[in-house]
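The primary structure of each chain is shown beneath.
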Amino acid sequence: MLFQTYGDRRNPAVLFFHAMGVTGASSEPIAKYLQDRYFCILPTSTVYCEGQKYVSKLDEIRQVEDFLHRQSVERLAMVVASSIGADLAMAFLTQTKLPVEHAFFDGGQFAQIGKGTRRIMTPFLYFAIRSLYWSKGGTLKKVLWCDDDSIKPYFIAAGGKSDLYKFAAAYSGQPGG
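Just so you know, these numbers come straight off a predicted model, no measurement behind them. (Residues numbered from 1 in each chain as written. Predicted model: local features only at pLDDT ≥ 70, side-chain atom pairs only at ≥ 80, totals over all residues. Heavy atoms only, no water.)

S.K.: Describe in detail the nonpolar core, supporting the description with residues and values.
M.R.: The biggest cluster of nonpolar side chains holds 20 residues, and the ones touching the most others in it are Leu15, Phe17, Ile41, Leu68, Leu76 and Phe92. Elements with a minimum of two residues in this core: strand S2 (13-17), strand S3 (39-44), helix H2 (57-70), strand S4 (76-82) and helix H3 (85-95). For this core, the element with the highest residue contribution is H3, accounting for five residues. Not counting residues up to four positions away in its chain, the partners in contact with Ile41 are Phe3, Gln4, Thr5, Ala13, Val14, Leu15, Phe16, Phe67, Leu68 and Val73. Core analysis: the second largest hydrophobic core is formed by eight residues, Tyr6, Phe16, Leu34 and Cys40 among them. (Core = buried A, V, L, I, M, F, W, Y, C linked by side-chain atoms within 4.5 Å. Buried < 20%, exposed > 50% of the residue type's maximum accessible area, 1.4 Å probe, protein only. Helix = DSSP H or I, 4+ residues; strand = E, 2+ residues; numbered from the N terminus. Contact = heavy atoms within 4.5 Å.)

Here you go:
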């Protein structure tokens, strides 16, 4: 995983989990707004990290816990998660020993989708995200029904870093996912 931080680590900590198809940088605008009062932590899943291998959801949680420990974070004021990031955040919340004051999930994907369906959907999702990179955001409205130019750079960056094997392992229910 890669970690970006904003603010003073002595301030209350806010941990962000990003949605599928974007990186931790997608939370930069709000983190920059909060940085005077909070220590904002923006991890990027190994799925989007060049040269890193996705192992499992538990490994992602371990990496987040290790980072928080190295930063001397003893409690979290809030955990914020979007879309499929809410799945990882929920796993984090059930595993962590750190006190967490608040959690905010925006559009969490908690539906139980069978492995067969996930294996069929994964290549389509992967190529949809890659198409955002290849088209420099031109397919955003067609793929995500969104034409907000302010978010295009996040999808383009993540699409350029997507690796089909890691993407499939993380999102299709394969071992380690």
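From this point, the discussion proceeds with the structure in view.
S.K.: Got a sec to walk through a nonpolar patch on the surface? Specific residues and values, please.
M.R.: Residues Phe127, Tyr133 and Trp134 make up a contiguous nonpolar surface patch of about 350 Å² in total accessible area. Of note, Phe127 is situated in helix H4 (residues 115-134). Residue classification places Phe127 among the partly exposed residues on the basis of a relative accessible area of 42%. (Patch = residues over 30% accessible without salt bridge, like charges linked within 9 Å, V, L, I, M, F, W, Y side chains within 5 Å. Areas by Shrake-Rupley, 256 points an atom, 1.4 Å probe, with all protein chains shown as cover. Salt bridge = Lys/Arg side-chain N within 4 Å of Asp/Glu carboxyl O.)

S.K.: Please set out the sheet that holds strand S1 (residues 2-6) residue by residue, giving values where relevant.
M.R.: Here five strands make up an open sheet; going across it, the order is S1-S3-S2-S4-S5 and the pairing mixed. Each of the sheet's edge strands pairs with one partner strand only, and the pair in question is S1 and strand S5 (100-106). Strand-to-strand twist in this sheet, taken as the mean axis angle between neighbours without regard to direction, amounts to 15°. Where S2 meets S3, three bridges bridge the pair, whose relative direction is parallel. Residue pairing across strands places Ala13 opposite Phe39, the latter belonging to S3. Packed on one face of the sheet, H2 meets S1, S2, S3 and S4 and runs near 40° to S1. Packed onto the sheet, H3 meets S2, S4 and S5 and runs at close to 145° relative to S4. (Pairing = 2+ DSSP bridges. Axes fitted to C-alpha atoms, helices over the stretch in contact; angles between N-to-C directions.)

S.K.: How would you sum up the packing of H2 against H3? Please name residues and give values.
M.R.: Where H2 meets H3, the axes come as close as 10 Å, and the angle between the chain directions of the two elements is 65°. Our pair here, H2 against H3, has a crossing hand that is right-handed. Judged by residue contacts, Lys57, Leu58, Glu60, Ile61, Val64, Glu65 and Leu68 of H2 engage Asp87, Leu88, Ala91, Phe92 and Gln95 from H3. For the contact of H2 with H3, the class distribution of residues is seven nonpolar, one polar and four charged. (Left-handed = near helix turned anticlockwise from the far one by under 90°. Nonpolar A, V, L, I, M, F, W, Y, C, P; charged D, E, K, R; others polar.)

S.K.: Before we move on, could you go through the pairing of S3 and cite the residues and values that matter?
M.R.: Of all six residues making up S3, six are buried, and the element is well covered by its neighbours. Alignment of S1 against S3, held across five bridges, turns out to be antiparallel. When the bridges of S3 are listed, Thr5 appears paired with Ile41. Read as a crossover between parallel neighbours, the route from S2 over helix H1 (residues 28-34) to S3 is right-handed. (Right-handed = clockwise from strand over helix to strand, strands pointing away.)

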